[in-house]
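Here are the chains, one letter per residue:
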Amino acid sequence: MRVKLVAGNWKMHGSLAANLGLLDAVRAGAAGCKADVALCVPYPYLAQARAVLGGSNVAWGAQDVSEHAQGAWTGEVSGAMLADFACRYAIVGHSERRSFFGDTDAVVAAKFSAALKAGLTPILCVGETLSEREAGITGDVVTRQLDAVLAKCGAAVFSRAVVAYEPVWAIGTGRTASPAQAQEVHALIRARFALEDAGIAAGLRILYGGSVKAGNAAELFGQPDIDGGLIGGASLIAADFLGICAAA
Ligand code: PEP
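Okay, so let's go over this structure.

## Section: unusual backbone geometry
Within the chain, A86 stands out as a residue other than glycine whose phi angle is a positive 60°. Locating A86 in the fold gives a position in the loop between α3 (79–84) and β4 (89–92). The phi torsion at S211 lies on the positive side, around 55°, for a residue other than glycine. Position of S211 among the secondary structure elements: in the loop between β7 (205–209) and α10 (214–221). For S211, a relative accessible area of 11% gives the class buried.

## Things to note about α10
Listed as buried for α10 are N216, A217, L220 and F221. The arc that holds every buried residue of α10, seen down its axis, measures 125°, which confines them to one face. For α10, the exposed residues set more than 90 degrees away from the buried face come down to G215 and E219. Where α10 is buried, its residues touch β1 (5–9), α8 (179–196), β7, β8 (228–231) and α11 (238–247).

## Thoughts on the sheet that holds strand β5 (residues 121–126)
One closed barrel accounts for eight strands, arranged β1-β2-β3-β4-β5-β6-β7-β8; its pairing is parallel. Strand-to-strand twist across the sheet, computed as the mean angle between neighbouring axes with direction ignored, equals 25°. Looking at chain direction, strand β3 (residues 58–62) and β4 are connected through two bridges and run parallel. Residue A62 lies in a different strand from β4, and its bridge partner there is A90.

## A few points about the packing of helix α1 (residues 16–30) against helix α2 (residues 46–53)
Running from N to C, α1 and α2 point in directions that differ by 35°, and their axes come no closer than 10 Å. The crossing of α1 and α2 is right-handed. Mapping the contact onto sequence places L16, N19, L20, L23, D24 and R27 in α1 and Q48, A49, V52 and L53 in α2. In terms of residue class, the contact of α1 with α2 is built from six nonpolar, two polar and two charged.

## Structural notes on the packing of aromatic side chains
Inspection of every chain in the model, using the stated rule, returns three aromatic pairs. Here the aromatic rings of Y165 and Y208 are separated by 6.3 Å at their centres, their planes lie at 55°, and the arrangement is tilted. Separated by 43 residues along the polypeptide, Y165 in strand β6 (residues 162–165) and Y208 in strand β7 bring together distant segments of the chain. What makes Y208 buried here is its relative accessible area of 0%. Grouped by ring-pair contacts, the aromatic residues F112, F158 and F193 constitute a single cluster. Over the face of the ring belonging to F101 we find R97, whose NZ or CZ atom lies 3.9 Å from the ring centre.

## Some remarks on the site of the ligand
The ligand sits among 14 residues. The nearest are K11, E166, G172, S211 and G233. Residue H94 places a side-chain N or O atom 2.9 Å away from an oxygen atom belonging to the ligand. E166 places a side-chain nitrogen or oxygen 2.7 Å from an oxygen atom of the ligand. Isolated, the ligand exposes 290 Å² of accessible area, and the fraction of that covered by the protein chains is 95%. Considered class by class, the residues forming the shell around the ligand number four nonpolar, eight polar and two charged.

The rules behind the values
- Residues numbered from 1 in each chain as written.
- Predicted model: local features only at pLDDT ≥ 70, side-chain atom pairs only at ≥ 80, totals over all residues.
- Heavy atoms only, no water.
- Helix = DSSP H or I, 4+ residues; strand = E, 2+ residues; numbered from the N terminus.
- Buried < 20%, exposed > 50% of the residue type's maximum accessible area, 1.4 Å probe, protein only.
- Arc of directions from axis to C-beta.
- Contact = heavy atoms within 4.5 Å.
- Pairing = 2+ DSSP bridges.
- Axes fitted to C-alpha atoms, helices over the stretch in contact; angles between N-to-C directions.
- Left-handed = near helix turned anticlockwise from the far one by under 90°.
- Nonpolar A, V, L, I, M, F, W, Y, C, P; charged D, E, K, R; others polar.
- Phe/Tyr/Trp six-rings, centres within 6.5 Å; stacked < 30°, edge-to-face > 60°.
- Lys NZ or Arg CZ within 6 Å of the ring centre and 35° of its normal.
- Near = heavy atom within 4 Å.
- Polar contact = N/O pair within 3.5 Å; in protein donor to acceptor, adjacent residues only side chain to side chain.
- Areas by Shrake-Rupley, 256 points an atom, 1.4 Å probe, with all protein chains shown as cover.

If you want it as structure tokens, here you go:
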């Protein structure tokens with residue numbers, strides 16, 4: 001039985017003052033939630049997340065991690081630094097990193113590996129663009145993105161990792177994949193892992209991300225291979241995020 005995970009991705013939003021109410025409300029509202037809950041906040045707010053969420057059942061994490069362990073990499077933040085702030089999760093390969101910051105499949109695999117080495121749980125994002133979906137190559141794209149990480153790290157480490165399927169055309173657009181569309185790709189992802197290791201495939205948490213809201217979460221999370229969600233916009237409003245957590 002896979003416990004569902006609902007992870008918020010605040011992206012580049014927030015301020016110390018505004019975060020406080022949101023963190024407090026999520027902390028209180030998630031108490032007793034049957035799903036695992038996490039918030040991935042901007043780096044400067046990790047200390048605040050730790051201070052407010054510490055001791056609760058809401059974990060916190062980062063939205064990226066450097067592929068490098070330390071050194072002359074101006075602007076980068078290492079996995080060990082995230083571990084210093086007791087992060088549990090680090091998102092890697094988000095489509096905004098891939099498309100706006102040049103994170104290639106190889107870079108994403110290196111970041112995934114760096115997160116694991118620091119004891120973090122990477123949330124590996126994969127997903128196709130609209131043109132790739134329309135060209136009928138969704139499965140090829142997702143498989144290529146997974147294979148880059150499998151080739152570098154192997155399948156066994158996915159006992160300590162999470163995969164998030166995020167169709168790029170559904171992120172922040174209000175256009176959600178239908179439960180059937182999402183389930184089809186989730187099943188394909190699980191089948192890819194089953195080729196490597198049936199046990200890993202069975203236990204792997206595969207989140208769906210892309211315009212998830214309290215109103216569509218239950219149907220998405222009811223699909224057999226959807227194990228929770230990676231939530232962008234709706235994670236910025238406590239009631240919306242908690243509604244999604246309740247659906248999980
Ligand atoms: C995301 O940023 O990963 C995401 C899924 O965003 P949204 O929920 O806003 O579509």
